[in-house]
Amino acid sequence: MVRTHELVKEFSDPKKGAFRAVNEVSFVAQPGRILGLLGVNGAGKTTTLRMLSTMIRPTSGSAEIAGFDVLKDPTSVRANIGFMSTSTALYGRLTATEMIEYFGTLYDLSGSKLRERVQYVKDKLEIHEFADRLCDKLSTGQKQRVSIARTILHDPQVLFFDEPTAGLDVVASQTVMEFIEEERDHGKTIVFSTHIMSEVERLCDTVCIIHDGKVVHDGSVASMHEATGETRLEAAFLKLVGFQSNYRTEAQS
Amino acid sequence: MNALKVTRKELKEMFRDRRVRMAFLMPIFMVFMMIQLFGFIEGAATTAKLQTLYLVKSTNPAAAGLKTKNSPIIEIGSVSEGEAMIRSGKAGIVLELGPTPTSEHPQQVITAYFDPQKDTSQIALAGVDQLIRQQSRVALISTLRQHGIPEVAADPIQLKTHEVKVGTQGAGQIIVSLLPYMIVLFSFTGGASLSSDMVAGEKEKNTLETLLISPVSRTEIVLGKFLALATVCFGGCLTALLGLALAGASQAGSKSEMFKGGFGISPVSGLTILVLMVPLVAFFASILIAISSYAKNSREAQTYLALVNIVVILPAVFSQVIGFTDLGTKLWINFIPILNTANNIRNALLGRTDVLAVAITVGTSLVIAGIAIRVAIWLFNREEVLTRV
């Protein structure tokens, strides 16, 4: 389970001064379900996920991942999460197998357990064909499969996906989404950040919409339609984040 | 333990990088070539001293006295012809004998024409000067004998020299002045070429995120990277020594002069060099990691490293000329980073290892390395430094 309570992150910028990138964000993600973290670029989704993965510390508020507090026990949090995004890269001079094995050792896997898990992810994600190729030489789709393997190698209870399909073609995106569905079916808690509404409709059980660092909607996908009266999810999202088309405004005036 | 996992991975990746292979091969090649070059220069200087003398044609019997086994004499027609040969670079020195000495003018005058801006010309002049002084002395002794004056009157004051053995047999002078600088320099440059990739490069390529969300602590990550970089820095030092060993083993160059006293590195001096280098590479590696952690990207890191390179090179360069001063023997010099190591390596090569000086140097380098690694860890734990790109 993932539980955040009034999570705040302030940054200080020499030009802008202090500003809140995340402002009292609270939500709960349940095991066996996918929570969609939605928002436009710069809304605060990535900052929230970075706090939950203990990469950065919250300014205030609290968050609990798989029963561990992100501030009090960050090492246990990290041992129980998997984090994946299209921006996280692979080590170019390691082979796919070496890359997976390296992270396995960092998650304290060794000996037969490590070999077993590496074999499992390589089978599951069909990595054998390019397992001994340097990561620099892999295609985007192959890299994405290695990234997924790294994410699930230690069998984490909680998975974070930060725009995992951004920049991927339809086939690669399909692999990622199928994998997320499978992990949900295995009872994992999944937090999925995106702004692609078709993916939200397909994957998410609940959604948490963040805009300007604040939660503007938290509930089921159906509740987005109910709250806005819009039939299309994209329109409902735009309404919730207060978007108004310039063209429409001009036409009305 | 986790730090070692990071170290293993870093080394594996590093050795697949062409730059690392170059960082290991270059010192071998550079030291080898440098010693061959100095050997060649030394040989050329000797040749210049013994080069052909051009003598303006003369019936003076003294001309025969200028002939030696190693410096042939070629007669030319006139002074102007000789000057033209000097200008064209064909001759280094041209001699013109004055009139044959008489009882009224008993001194034999020899005029030497040479190019004061040409080193080989000056070396040849020095050679001729030495030859004439020897002949003058022989003539003086002969005159003294003729007048029944003891030969010793030619040398009313005699300077006797006696070499005092300090320490064990050391290396040749050129190696003593060259090697400390080379070892220090290659230890730094070996690591510097890679350090920009180690943290700044990981920020830029977005691989650092995956590492930060693993259960490995940030301190362990820094230590792991530090150990990998220190290994490469130390490798640079070892390969510089290997280059020296290869040059010593080769027959090329003026081996007898360059390796006066044998290979020049005794087991004690070799061990001293290694003991001195361990804290220095720790210092270099920690400084490099701190810079790489602070920089936003590889390019920014390289800019900082270029500046640090100068700071490292200056004391290393000074170590080459420290023998012209008495600073090398002062105790306080052992508190100056880099210079202290280079100076103690120099003393070790001379076979004059001072245990106290080595202990102070090792202690100083370790303290500075400790401070630098603390700074690197502090920077690595600052999220505003770590997450900025």
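Residues numbered from 1 in each chain as written. Chains lettered and ligands numbered in written order. Predicted model: local features only at pLDDT ≥ 70, side-chain atom pairs only at ≥ 80, totals over all residues. Heavy atoms only, no water.

Peer 1: Honestly, the overall build of chain A in this entry has me stumped. Any pointers?
Peer 2: Counting its regular elements, chain A contains 10 helices and 10 strands. The C-alpha radius of gyration computed for chain A amounts to 19 Å, which stays within 12% of the reference 18 Å derived for 253 residues, consistent with globular compactness. If you line up chain A on its principal axes, its C-alpha atoms span 65 × 40 × 40 Å. Classification of the 253 residues of chain A by burial places 51% in the buried group. Put simply, 65% of the contacts in chain A that link residues at least 6 apart link residues at least 24 apart. For chain A, the accessible surface area stands at approximately 11,500 Å², while carbon and sulfur atoms represent 45% of it. (Helix = DSSP H or I, 4+ residues; strand = E, 2+ residues; numbered from the N terminus. Rg over C-alpha atoms; globule rule 2.2 N^0.38 Å. Buried < 20%, exposed > 50% of the residue type's maximum accessible area, 1.4 Å probe, protein only. Contact = heavy atoms within 4.5 Å. Areas by Shrake-Rupley, 256 points an atom, 1.4 Å probe, with all protein chains shown as cover.)

Peer 1: Honestly, the pattern of salt bridges in this entry has me stumped. Any pointers?
Peer 2: If charged atoms from side chains of opposite charge come close, those side chains can pair. Residues and elements named next belong to chain B. For the structure shown, the criterion picks out 24 salt bridges over all chains. Residues glutamate 10 and lysine 225 are paired through a salt bridge, measuring 2.7 Å at the closest nitrogen-oxygen approach. Taken as a pair, glutamate 10 in helix H1 (residues 2-14) and lysine 225 in helix H8 (residues 218-249) lie far apart in primary sequence, 215 residues in all. Neither residue differs from the other here; glutamate 10 and lysine 225 are each classed as buried. Note that lysine 225 is salt-bridged to glutamate 202, the shortest N-O span being 2.5 Å. (Salt bridge = Lys/Arg side-chain N within 4 Å of Asp/Glu carboxyl O.)

Peer 1: Would you explain the domain arrangement of chain B in this entry?
Peer 2: How big an interface is tends to be expressed through the accessible area that disappears when the partners come together. The domain architecture assigned to chain B consists of domain 1 (2-42 + 168-386) and domain 2 (53-154). For domain 1 of chain B versus domain 2 of chain B, the separation of C-alpha centres amounts to 52 Å. (Domains from an automatic or database assignment.)

Peer 1: Mind showing me how you'd approach the packing of aromatic side chains here?
Peer 2: Ring pairs (aromatic) are described by centroid distance and by the angle formed between their planes. A full pass over the atoms with the stated rule returns nine aromatic pairs over all chains. Consider the rings of A:Tyr91 and A:Phe103, whose centres lie 6.4 Å apart with planes at 15 degrees: the pair is stacked. Here the residue A:Tyr91 occupies a position in the loop between strand E6 (81-85) and helix H3 (96-106), and A:Phe103 occupies one in helix H3, the gap between them amounting to 12 residues. When its relative accessible area of 1% is taken as the criterion, A:Phe103 is described as buried. Ring centres of A:Phe161 and A:Phe179 lie 5.9 Å apart, and the angle between their planes is 80 degrees; on these two criteria the pair is classed as edge-to-face. One end of the pair, A:Phe161, is in strand E7 (residues 158-162); the other, A:Phe179, is in helix H6 (residues 170-185), with 18 residues separating them in the sequence. Here A:Phe161 matches A:Phe179 in class, with each residue buried. Through successive ring pairs, a cluster of aromatic residues spans A:Tyr91, A:Tyr102 and A:Phe103. Just above the ring of A:Phe103 sits the side chain of A:Arg150; from NZ or CZ to the centre is 5.6 Å. For the cation-ring pair, B:Lys9 lies above A:Tyr91, with the distance from its terminal atom to the ring centre recorded as 3.4 Å. (Phe/Tyr/Trp six-rings, centres within 6.5 Å; stacked < 30°, edge-to-face > 60°. Lys NZ or Arg CZ within 6 Å of the ring centre and 35° of its normal.)

Peer 1: I tried to follow the sheet that holds strand E4 (residues 110-114) of chain B on my own but got confused; where do I start?
Peer 2: Remark on secondary structure: sheet strands pair via backbone hydrogen bonds, oriented parallel or antiparallel. All names here are of chain B. Across the sheet, four strands lie side by side as E2-E1-E3-E4; this open sheet has mixed pairing. Of all the strands in the sheet, the pair left with one neighbour each is strand E2 (73-76) and E4. Going across the sheet, the axis of each strand differs from the next one's by a mean of 30 degrees, ignoring polarity. Pairing of strand E3 (residues 93-97) with E4 involves five bridges; the strand directions are antiparallel. Following the sheet pairing, leucine 97 is matched in E4 by isoleucine 110. Along the sheet face, helix H4 (residues 79-88) touches strand E1 (53-56), E2, E3 and E4 and points at about 30 degrees away from the line of E4. Lying on the sheet, helix H5 (residues 119-146) is in contact with E1, E3 and E4; it crosses E4 at an angle near 165 degrees. (Pairing = 2+ DSSP bridges. Axes fitted to C-alpha atoms, helices over the stretch in contact; angles between N-to-C directions.)

Peer 1: Mind showing me how you'd approach the interface of chain A and chain B here?
Peer 2: Counting from both sides, the interface comprises 30 residues of chain A and, opposite them, 26 residues of chain B. With both chains or domains summed, chain A and chain B bury close to 2,600 Å², and 55% of this area falls on carbon and sulfur atoms. The largest contributions to the chain A side of the interface with chain B come from A:Met55, A:Tyr91 and A:Arg93, which together make up 29% of the buried area. The interface formed by chain A and chain B contains six salt bridges. (Buried area = accessible area lost by both parts, 1.4 Å probe.)

Peer 1: Just checking my understanding: could you explain the pairing of E7(A) for this structure?
Peer 2: Consecutive side chains along a regular strand alternate between the two faces of the sheet. All names here are of chain A. The element E7 is extensively covered by neighbouring structure, given that five of its five residues are classed as buried. What you see with E7 is no split at all: Val158, Phe160 and Asp162 on one side and Leu159 and Phe161 on the other are buried throughout. Where E6 and E7 come together, five bridges link them in parallel fashion. Pairing of isoleucine 81 across the sheet is with valine 158, part of E7. One ladder, built from five bridges, connects E7 with strand E8 (residues 189-194); its direction is parallel. In the sheet register, phenylalanine 161 faces E8, and the bridge partner there is phenylalanine 192. Handedness of the β-α-β unit built from E7, H6 and E8 comes out right-handed. (Right-handed = clockwise from strand over helix to strand, strands pointing away.)

Peer 1: Which parts of the structure should I look at to understand the packing of helix H10 (residues 267-294) of chain B against helix H13 (residues 355-380) of chain B?
Peer 2: Packed helices, taken two at a time, are described by their axes: the angle between them and the distance between them. All names here are of chain B. At a minimum axis separation of 8 Å, H10 and H13 run at an interaxial angle of 20 degrees. One finds that H10 runs roughly parallel with respect to H13. By crossing handedness, the relation of H10 to H13 is classed as left-handed. When the residues that make up the contact of H10 with H13 are grouped by side-chain class, the tally is 21 nonpolar, five polar and no charged. (Parallel < 35°, antiparallel > 145°, perpendicular 65-115°, else oblique. Left-handed = near helix turned anticlockwise from the far one by under 90°. Nonpolar A, V, L, I, M, F, W, Y, C, P; charged D, E, K, R; others polar.)

Peer 1: Would you mind going over H3(A) with me for this structure?
Peer 2: It helps to recall that an α-helix has 3.6 residues per turn; residues three or four apart then point in one direction. Within H3(A), nine of the 11 residues are buried, leaving the element largely enclosed by the surrounding structure. Buried-residue contacts for H3(A) involve helix H4 (111-124) and helix H5 (140-152) of chain A together with H1 and helix H7 (208-212) of chain B. Phi turns positive one or two residues past the end of H3(A), at A:Asp108, with a value near 65 degrees.

Peer 1: Would you mind showing me how to read the nonpolar core here?
Peer 2: Soluble globular proteins tend to pack their nonpolar side chains together in the buried interior. Of all hydrophobic cores here, the largest spans 150 residues; its most connected members are A:Ile65 and A:Phe160. Take this core: its biggest share by element is 15 residues, from helix H6 (residues 173-205) of chain B. In this structure, A:Ile65 is in contact with A:Met1, A:Val2, A:Leu52, A:Val70, A:Val77, A:Ile81, A:Val158 and A:Phe160, ignoring residues within four places of it in sequence. Grouped together as the second largest cluster of nonpolar side chains are nine residues, B:Ile93, B:Leu95, B:Leu97 and B:Val128 included. (Core = buried A, V, L, I, M, F, W, Y, C linked by side-chain atoms within 4.5 Å.)

Peer 1: Explain the side chain of A:Lys188 here, please?
Peer 2: Residue and element names in this part refer to chain A. Locating lysine 188 in the fold gives a position in the loop between H6 and E8. Side chain to side chain, lysine 188 and aspartate 155 meet in a polar contact 2.8 Å long. Reaching out from lysine 188, the side chain makes a polar contact with the backbone oxygen of proline 156 at a distance of 3.4 Å. Filtering out sequence-adjacent residues up to four positions away, lysine 188 remains in contact with Pro31, Gly32, Arg33, Asp155, Pro156, Gln157, Leu159 and Glu183. (Polar contact = N/O pair within 3.5 Å; in protein donor to acceptor, adjacent residues only side chain to side chain.)

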